[in-house]
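For reference, the chains in residue letters:
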Amino acid sequence: MKEKAKILDKDTLNRTLTRIAHEILERNKGIENLCLVGIRSRGVYLAQRLAASIKKIEGQEVPVGTLDITLYRDDLTLIASHPVVHKTEIDFDIKDKNVVLVDDVLYTGRTVRAALDALIDLGRPRSIQLAVMVDRGHRELPIRADYAGKNIPTASNETVEVHLAEVDGKDEIVIVEKD
Amino acid sequence: MEWTRKDLLGLEDLSKEELEFILDTVESFKEVSTRDIKKVPALRGKTVVNLFYEPSTRTRVSFEVAAKRLSADVINIAAETSSVKKGETLIDTGRNIEALKADIIVMRHNASGAAVMLADHVNISVVNAGDGWHEHPTQALLDMFTLKEKLGRIAGLRVSIVGDIAHSRVARSNIWGLTKLGAKVTVCAPKMLIPVGIENMGVKATSDIDEALQEADAVNVLRMQFERDEQTAFPSQLEYFKQFGITADRLAKARKNIVVMHPGPINRGIEMSSEVADGPNSVILDQVTNGIAVRMAALFLVAQGRERKNEIAD
C-alpha cells in the first residue's frame, strides 16, 4: 500500500462537515425528531463531530448512537481479516425518528445495506438518510448518499482512507494504491 | 487477535489472549438480548445440532436460544431416543450429522474426552457442552464473564469453588480459565471429593468452608449430585449442608460484597440456603442471562474459525 494523493486536509475536512451539518438541518427543517447513528468505527467520530456542529448552529443536542454491523454482514464467509464484534450502542428509541446514518466512505454499498437491516431491527424509524464523507463509486447495490462530503472517482485498485484525529492522530483524506 | 479454531473443546488449550478475546466478544452479544427484536442474521442458513448423550435442560435450552438469536436452524437430538440405542458409534453419529450438511455440533457426553474425539473425526465445528468429568467450557466462560461484569476484573480476584471438585467438569474448566487470567483459586470440599494432586493445577485446597469464604471475592458453589455417586463419599445431605452449605451466618463472616455463584440447578438446603440463593450477593440468574451471550459468542466464533480454516486450505 502506498499513499498516492492527499485529497483533503484538516481545514477542508472540517468545513465539509459543517456544510453537511447545515444540509442535514435544511433537509429536516431543524432538529426535531432528528438523530445521528455512526457506523463503527470512523462513522462514529464523524457522527459526533456532526452533532457538535449542529449544536453550534441550533444550540441543542441531537442524540448520537453507534452501530456495529458485523453480525449483519453478508460476507462472513469471505472476509479475510476477521471482523471483531463490537457493541451497538443506541440508547434512545429510533421509532418515528429521522435517522441520519453516518459513515466515512461509501463504496460497494454493502456496509450500508447491513446497517439498514441492523437499524430496522432496532425499531421503525420515520426515515433513514445517509451521510458519508467520501463517495468513491463502484456501487454493487442500489444505494446512494443523501449527503456526501466529496465525490472521488477511483480505480478499483485504489482505496480511499479517511483519517481522523480521534483514531489516526490527524484529519485528512488520502487515496492509497494497493500493491 | 484472530480467532482460528473451528471447535471449542475446553479451556485448558486456550491461551490467555484467546480467553480475553472470547470474553470481549461476549460483551457485544449481550446487547442483542436486550433489544425488542432479539435476533441478528449472523448465522442465517447455518444448522446447529444439539447432540445430548446426558439429560440436560438448562444447557441445551441456553444453546438453543443462543443459536436462534443468531438466526441459525437448530435440531435437538437426545441420545436415548436415537440410533445410539441401536449401537451406532459416536464417530458414525458425527459423520452422519456432517452428511446432513450441519455446521456445528454442540455435544454433551458422559465420557471425558468425547468432544475432542468427535472434533478429530468431523470437519464441521464441535462445541463441548460438557464431557464427563473433563470440561464444560461455556459454563466456566459464563462464570468468568459474570465475575468480570460484577467485579470489573478477573486478575487478582480470590475465587473459591465449593462442592464435588473430583467429579466436576465445571470446576476443572473454571480452574483452567481463572488461573490463566490471574485469579487465585481455592477449592473446598470434603477430603474424599478433592482429587489428589489438585495443587498441580495451581490452586489451594481446603476442607474448611469458613477458611474458603474468609478472604474470597467470589464463591462458586457446585451442585452436589447426590443422585449419582456421592453417597459413598458423604454420609448425608443434611450432614453436607451442616459442614459445607453456604448460609447467611457463614456469609456474614465473609467479605460484604462477596459474589455468590451457582451453575444450577440449585439444591436449596444442601449447597446453600434459600436466603443466600435469593439474597443480595447471589448472581445466579445473571449467570443464566450471561450464558446466552457466551454461547452466542462461542457459536459465532467457531463458525468463523471454520470458514477461516477452509480459506487457508483453499
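Keep in mind the model is a prediction, meaning the values are calculated, not measured.

Colleague: Can you walk me through the domain arrangement of chain B in this structure?
Modeller: Accessible area lost upon the coming together of the parts is a frequently used measure of interface size. Residue and element names in this part refer to chain B. Examined at the domain level, chain B breaks down into domain 1 (16-135 + 289-313) and domain 2 (137-287). Distance from the C-alpha centre of domain 1 to the C-alpha centre of domain 2: 26 Å. Facing the 20 residues of domain 1 at the interface are 20 residues of domain 2. Of all the secondary-structure elements, those providing two or more residues to the side of domain 1 that touches domain 2 are helix 1 (16-30), strand 4 (125-131) and helix 11 (284-313). Considering each element in turn, the side of domain 1 that touches domain 2 owes the most residues, 6 residues, to helix 11. Split into classes, the residues belonging to the side of domain 1 that touches domain 2 amount to 8 nonpolar, 7 polar and 5 charged.

Colleague: Help me understand the sheet that holds strand 8 (residues 172-177) of chain A, please; the structure alone is not making it clear to me.
Modeller: In a beta sheet, neighbouring strands are held together by backbone hydrogen bonds and run either parallel or antiparallel to one another. Residues and elements named next belong to chain A. Pairing in this open sheet of 3 strands is antiparallel, and the strands run 1-8-7 from one edge to the other. Here the strands that pair on one side only, and so sit at the sheet edges, are strand 1 (2-8) and strand 7 (158-163). Sheet twist, expressed as the average angle between the axes of neighbouring strands with direction ignored, equals 30 degrees. In this sheet, strand 8 lies alongside strand 7 in antiparallel orientation, the contact comprising 6 bridges. Counted as the bridge partner of V160 is I175 from strand 8.

Colleague: Looking at this structure, how should I read the interface of chain B and chain A?
Modeller: Every contact between the two is made by 15 residues of chain B and, on the other side, 14 residues of chain A. Of all the elements in the fold, those that place two or more residues in the side of chain B that touches chain A are helix 1 and helix 11 of chain B. Taken together, the residues that form the side of chain B that touches chain A break down as 5 nonpolar, 3 polar and 7 charged.

Reading guide: rules and limits
Residues numbered from 1 in each chain as written. Chains lettered and ligands numbered in written order. Predicted model: local features only at pLDDT ≥ 70, side-chain atom pairs only at ≥ 80, totals over all residues. Domains from an automatic or database assignment. Contact = placed C-beta atoms within 7 Å. Helix = DSSP H or I, 4+ residues; strand = E, 2+ residues; numbered from the N terminus. Nonpolar A, V, L, I, M, F, W, Y, C, P; charged D, E, K, R; others polar. Pairing = 2+ DSSP bridges. Axes fitted to C-alpha atoms, helices over the stretch in contact; angles between N-to-C directions.

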